[in-house]
Every structure is written in C-alpha cells, then in structure tokens.
Amino acid sequence: MPPSELAPTPAQLVDMHRRMARIRHFEEEAGKLVEGGKIPGALHLYVGEEAVAAGVMVHLDVDDQITSTHRGHGHVIAKGGDFKLMYAELFGKATGYCRGKGGSMHISDLDLGILGANGIVAGSVPIAVGAAFANRYRDTDRVTVCFFGDGASNEGAFHEAANMAALYQLPVVFVCENNLYGEFTSQPRHQRVTDIADRAVGYGMPGVIADGMDASAVFGAAGECIARARAGGGPSLLECKTYRFYDHVGVTGMRIPYRDEAEVDEWKGRDPIAALELRLVEEDVLTADAVAAVHQSVVAEIADAIAFAEASPDPDISSLTEDVYSNPIEPGGVR
Amino acid sequence: MTATDLPVTAGRKLPFVQAVPEAIAQCMRDDADVFLAGEDVAVYGSVFGTTRGLLDEFGPSRVLDTPISEIAIIGLATGAAAVGLRPVVDLMFMDFIGCAMDQLMNQLAKMKYMFGGKARLPVTVMTAAGAGTNLAAQHSQSLEAMVCHIPGLKVVMPSNAYDAKGLLTASIRDDDPVIFIVNKFLLGATSDVPVEPYEVPLGLAAVVRPGTDVTVVAHGRMVGEALAAAEALASDGISLEVVDPRTLQPFDLPTVLASVAKTHRALVVQESVRYAGIGAEYAAQIAEEGFDELDAPVARLGAPFSPVPFSPVLEQAYVPDAARIAAEARVLMGT
C-alpha cells in the first residue's frame, strides 16, 4: 500500500501532542515509582512509542474498542483513561481501575471501550476479533483496534484471529507496534521477515507500514485503515516501526546487554514528541510557551493522581474472592 | 428453584442429541444476543449432530461455521461477550481444548476478576468428551478436572436428555462462562423432555435413585453405569443411592452429604483418569465434611493412569462400568 495522504489538521496535531505528553509523563513517573520500590510488581513502559497510540486513538470514538498488551499504559491513556484510577491500580489500591486485582497488565475501562491490557502475548488479538464481530452483529459502525507487538506476530493466536477477521470481513484494525524486540530478542533473531505487514497478504487483507515515530504518519495510515473498517471494508494490518526507549520491564532492567547503546541513542534522537513539538512551533500551530504549558498541566495532574493513589486504601481482604463470577452459585443451587 | 419445581414432562421422548439444539434454538428465539459459532456447526449441524437445523432457522449471521481455529473461537466468544453478546461456541472434541487453553483459562475465565468485576462474560462453551467410541487417545478424553480447576469457569455435564436441555438453557442464560460437556456415548440416550423451555439450575445435584447402603456419586456416562450396578445389587439386598452432581463445578456438596448421612458409605465414580480427577476433590470434600457419618473410607473409581487406548478390548477395560461399580460397592459393604 502507498503511504497515506491523509494528514492531520492543526487541531488534530495539538490533540495528538497532548495525548503523547500525557503518556510520556505518566510513564516517566511510573518508572520512578517502580524503580523506587513504591509500586509492586513489574511495569512495561511505553516511552518512545507514544506516536502510535496517539496517531491511532485520535480517530476513535468512545464507543470504539481497543485491546492492548502488557505494554498498555499508553493505549489506555490515549483512549481517555483516568490517571487517578490508573495510578491507584499500579499501587494495587482498592480505588484502582481493577480494585487492585489486575495491576499494570490488566488495566481496563469497558465504559471507554478499553477491553484490557493483557499479560499474554497475542492474547488480546482473538478478543478484538470477537468485539469486532459484536459490532457488526449489532449493525453498528464501531471499530475495534487491536494493538500487539512484533513478538506477538509469531503467536498462533495472531494467525487464527487474523484469518478469522479476514474471512468474516470484520471491522478490526490490527496495529502491530514493531519495536524491534520480542522481550530481549531482536526481530532478526525471532522472525525471518523484516516487514510484518507483509504477512497481511497471507490473510487476504491490506498490509500497511507507517513510521511509528511520526504521529502524522501513523495518523494517516491508521485513519485509512479505520475508515475502511468502519465502512465495511474489512480488516487491515498496520505495522508501525517504533522503539521502546526503556527496557522490556521497568526502566533499566537487569542491565544484561542485549542491544547497543548506540542503537538506543539513535532512536532516542527520533523522539516522537520532540519531533512533533518542533513541527508545531515551526508551523505556528503552538508557541513554545503553549507547548510548555501542556507539559506543566499534565505534570500537575499526575502529581494529584499519584497523591490520590498513595492516599487510597488497600483492598479489603474480604474482596479477594469477589468478582470471580457475575452470578456466584452457593452449593446446592441456592443463588 | 428446587428439583420439585421443575416442569413436569409432557411425555415426549427425545434423544440427547436433539435436546441440545432444542435448548439452543429456544434461547436464540428468546434472546437476539445469542449466537452460535464453531467448527461445522452450521451447514453440517456439528459432527455430533448437536446443532442440526439451527442454520435453517436462524441463518448464517447467527449460526457460523468457523475455521478450525480453537483459539479464535474462544476469543470470538470472549470479545463478543465483553461487549454485550451471549455467545454459544462449540469446541467439538474436548481433546481439542488444549488448542484453546490460553483463551479459556487466561482470558475468558479471568477477565472479570482481573478487571475488578466490571466485565460480564455470558459464554457457553460446548464440547464433547468420553471414551467408548474407538476414537483413541486424542478424541476420547474426559478433561473436566482441568476446567474445574480454573476459577471463573462453571462446568456442567449432563447424564441424560432431560438434564441436557435444562442445563444448557441455564448455562446459556447464566452470566458466567460455562463449559457444557456432552458425553458423546450418551447422544442417543432418550428420555422425557418437555417441549417448553425450562432450566435445570446450575449447582444443583440430583438424587437419581434413592437407596440406603452406599452413596454413589457419578456424573456423565457413569450415572447410567451406576444405575445398572444398583439394579444388579438390589437382588442381593444391597441398596445404592445414586447422586448425579450435574454441575461439576460448583459441586453440590450439601446434597451429597445428606445422602451420606443416610448411607454412611460413599463411592465416587468418574470415567476420566482417577489420579487428580474431579472425583478426588469430591472424595476429599465428603471426607472433610462428612467424616462423622462415614463407616468406611470414601472409595474412588476411575480410569487407569494411561491415555485412552484404541483397541475395543483395551478401551472396554479402561472405562469403569456397572460391574466394577458393583464390585466396589460390595467391598464397601464388606460382602
């Protein structure tokens, strides 16, 4: 597929920038909290990949759905997730999105169409197909966007789901965030293809490649895929070439070398937020002061959200076995 | 609702294999959110005949043949349920559940809990278990223990056509994921099945034959074998009470304990491998809660620790039958 000619308006550029800044600051603070031992468990930070979430999500309505991955905070934020409920969940507090039962890898907000981050690589791909099926079953024009990584493209779940989506011509867009590593294994060491979008032909759907460090490029490509799905044209596979600035887990990981510092520095030189800000100012969309004001407001909001999370109560032990069933059955059939 | 409130039969005889699609059809007429998907469930009416006629009545938008893609089938159901539909999906042979296990145990079963209780997942997964049809090790297993071990799932296994229709109706109407296990050996078994829709409540065991000397807890095909054993022993003055849990998880322990309080002896029978089978859980619960009532240790009967063999001679030796149940009961009676 040729590069998209669909271009964002100034207002859409500003919108994407704000979403990206929200993700960046949320993740930077989350990284400090986990490295400082304040947040339990593991975080997979989205820093560096913000243009993908923002460039896709700016096309979606609240009724459209997304499925996400273990590296899911950025998707949730870009879809409208609440900082307070997110941080509270990262802290494992009762006020969190999942009442402290899910943590980083399971944040969801069904009211916002967020069908969950997911701890299983490619686990959410078939679920996205199911949501897309329901959208069409109910004769809506809703679209489901499924985020997954280069590593997930090697899972059987991806293959089965992509085939089924194409077979039924469902309104789903498969967005592959190719950050060049499946955990700690580089793409050339986990698959023979360079362009995962090439796999689309095997399913009978369009395959598109976008520069995942360029919000406008993602905007154009995603916009066309989403519009096609919404119009009944079936699924697409959109590969966004991107990079995670931090480690697979946390900020610095276990410091076992598996990628060159020079490679990391080169990608950091293509920081999608810095690039977008340069353009915003050059094209007189925003002044430098206005850009700075965006960051200031996000930072303040995050400070409030972290304070809320830290002050929130832990879950009551009695809630441990709640929420297993919608309709719990007492022994003997008494409900 | 109790057993005595169940609809009286209208005197109509129906085989198990027709009771299943009747329940699905009635649920689909009643609720436009119910759809059916699976391998060969539409045009062919399932390899077992359990979905025959449904495509003709409901059309291809509600009755869907899927690719041979067990992961995608469970994902389709999970995603569709998460956004409001009430899917019924068929996994054909229960042996194939391994292909779908991530979607089943990590997605469908856990989504509600991981999301802090917000998701509602009314999914019915139909699948056919059971040996005795000379289909060898990969088409004959009864893997109910595997699914009973996973919090978030409910597990149902009817032993007759009446229960099949009532339990399937209750499963489809239930707001939680239910694994509905058909024993393929029972598909031709006929019983009185009312024409009108009715539910057999989930979580409610049935005393299918009253007796005084030994409580036999048996499910699926083993219920018929236990009834035959009871008939054979009656002439020798040994009275078996046969209890069919019907819902395997949650287990109706109170009904079983009430029986044990009468008989003071318990024999747990399962067709599947005895080691770590669901019968081990039932026996442990009976021993823990009914110890003071027991005159003998709880006995267990099940298949040996081997895959299901092909040879009819070997297979017959593999599956517990009425003679072995009767022999175990005699041992319990000390006769």
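Cut-off values and rules
- Residues numbered from 1 in each chain as written.
- Chains lettered and ligands numbered in written order.
- Predicted model: local features only at pLDDT ≥ 70, side-chain atom pairs only at ≥ 80, totals over all residues.
- Heavy atoms only, no water.
- Helix = DSSP H or I, 4+ residues; strand = E, 2+ residues; numbered from the N terminus.
- Buried < 20%, exposed > 50% of the residue type's maximum accessible area, 1.4 Å probe, protein only.
- Contact = heavy atoms within 4.5 Å.
- Areas by Shrake-Rupley, 256 points an atom, 1.4 Å probe, with all protein chains shown as cover.
- Buried area = accessible area lost by both parts, 1.4 Å probe.
- Salt bridge = Lys/Arg side-chain N within 4 Å of Asp/Glu carboxyl O.
- Polar contact = N/O pair within 3.5 Å; in protein donor to acceptor, adjacent residues only side chain to side chain.
- Nonpolar A, V, L, I, M, F, W, Y, C, P; charged D, E, K, R; others polar.
- Disulfide = S-S within 2.5 Å.
- Pairing = 2+ DSSP bridges.
- Axes fitted to C-alpha atoms, helices over the stretch in contact; angles between N-to-C directions.

Re the overall build of chain A
For chain A, the helix and strand inventory stands at 11 helices and seven strands. Considered along the principal axes of its C-alpha atoms, chain A spans approximately 60 × 50 × 40 Å. Scored against the burial criterion, the 335 residues of chain A give a buried share of 56%. A separation threshold of at least 6 residues defines the contact pool for chain A, and within that pool the share at least 24 residues apart is 74%. Of the roughly 13,200 Å² that chain A leaves accessible, carbon and sulfur atoms contribute 53%.

Thoughts on the interface of chain B and chain A
Contacts between chain B and chain A engage 54 residues on the former and 43 residues on the latter. Roughly 4,000 Å² is buried in total at the junction of chain B and chain A, and carbon and sulfur atoms are behind 62% of that figure. The interface formed by chain B and chain A contains one salt bridge. For the salt bridge of aspartate 33 of chain B with arginine 138 of chain A, the shortest nitrogen-to-oxygen distance reads 3.1 Å. At the surface where chain B touches chain A, the tally comes to 24 residue pairs in polar contact (both at pLDDT 80 or more). Among the secondary structure elements, those contributing two or more residues to the side of chain B that touches chain A are strand S2 (34–38), strand S3 (63–65), helix H3 (70–82), helix H4 (101–108), helix H5 (111–114) and helix H9 (253–263) of chain B. Looking at the side of chain B that touches chain A residue by residue, the classes come out as 26 nonpolar, 15 polar and 13 charged.

Considering the state of the cysteines
The final tally for this structure, using the stated rule, is zero disulfides over all chains. Cysteine 98 of chain A takes part in no disulfide bond, and the closest cysteine sulfur to it belongs to cysteine 146 of chain A, at a distance of 19 Å.

A closer look at the side chain of threonine 50 of chain B
Residue and element names in this part refer to chain B. Position of threonine 50 relative to the elements: it lies in the loop between S2 and helix H2 (54–58). Among the residues examined, threonine 50 registers a relative accessible area of 6% and is labelled buried. In terms of polar contacts, threonine 50 uses its side chain to reach the side chain of serine 46, at 3.0 Å. In this structure, threonine 50 is in contact with Val17, Val20, Pro21, Ile24, Gly45 and Leu187, ignoring residues within four places of it in sequence.

With respect to the sheet that holds strand S7 (residues 236–241) of chain A
Hydrogen bonds between backbone groups are what pair the strands of a sheet, and the pairing can be parallel or antiparallel. Residues and elements named next belong to chain A. Read across the open sheet, the five strands follow the order S1-S2-S3-S7-S6; overall the sheet is parallel. Only two strands of the sheet have a single partner each, and these edge strands are strand S1 (65–67) and strand S6 (207–211). Averaged over neighbouring strand pairs, the angle between their axes works out to 20° when direction is ignored. For strand S2 (residues 144–149) and strand S3 (residues 172–178), the ladder comprises six bridges, and the chain directions are parallel. Counted as the bridge partner of cysteine 146 is phenylalanine 174 from S3.

A word on the pairing of strand S13 (residues 266–273) of chain B
All names here are of chain B. Burial within S13 is extensive, with seven of its eight residues counted as buried. Of the pairings in the sheet, the one linking strand S10 (residues 214–218) to S13 comprises four bridges and is parallel in character. Bridge pairing links threonine 215 to alanine 266 in S13. Relative to strand S14 (residues 299–303), S13 runs parallel, the two being bridged by four bridges.

Thoughts on the sheet that holds S2 of chain B
Residues and elements named next belong to chain B. The sheet built from seven strands is open, its strands ordered S3-S2-S4-S5-S7-S6-S12 with mixed pairing. Among the strands making up the open sheet, the edge pair consists of S3 and strand S12 (247–249). Across the sheet, the mean angle separating the axes of adjacent strands is 20° when strand polarity is ignored. Pairing between S2 and S3: three bridges, direction parallel. Residue pairing across strands places leucine 36 opposite valine 63, the latter belonging to S3.

Comments concerning unusual backbone geometry
Residues and elements named next belong to chain B. Residue glutamine 249 is joined to proline 250 through a cis peptide bond whose omega torsion reads 5°. Its identity as a non-glycine residue notwithstanding, methionine 92 has a phi of 55°, on the positive side. Position of methionine 92 among the secondary structure elements: in strand S4 (residues 86–93). We classify methionine 92 as buried; its relative accessible area is 9%.

Function cannot be inferred from these measures alone, as they are strictly geometric.
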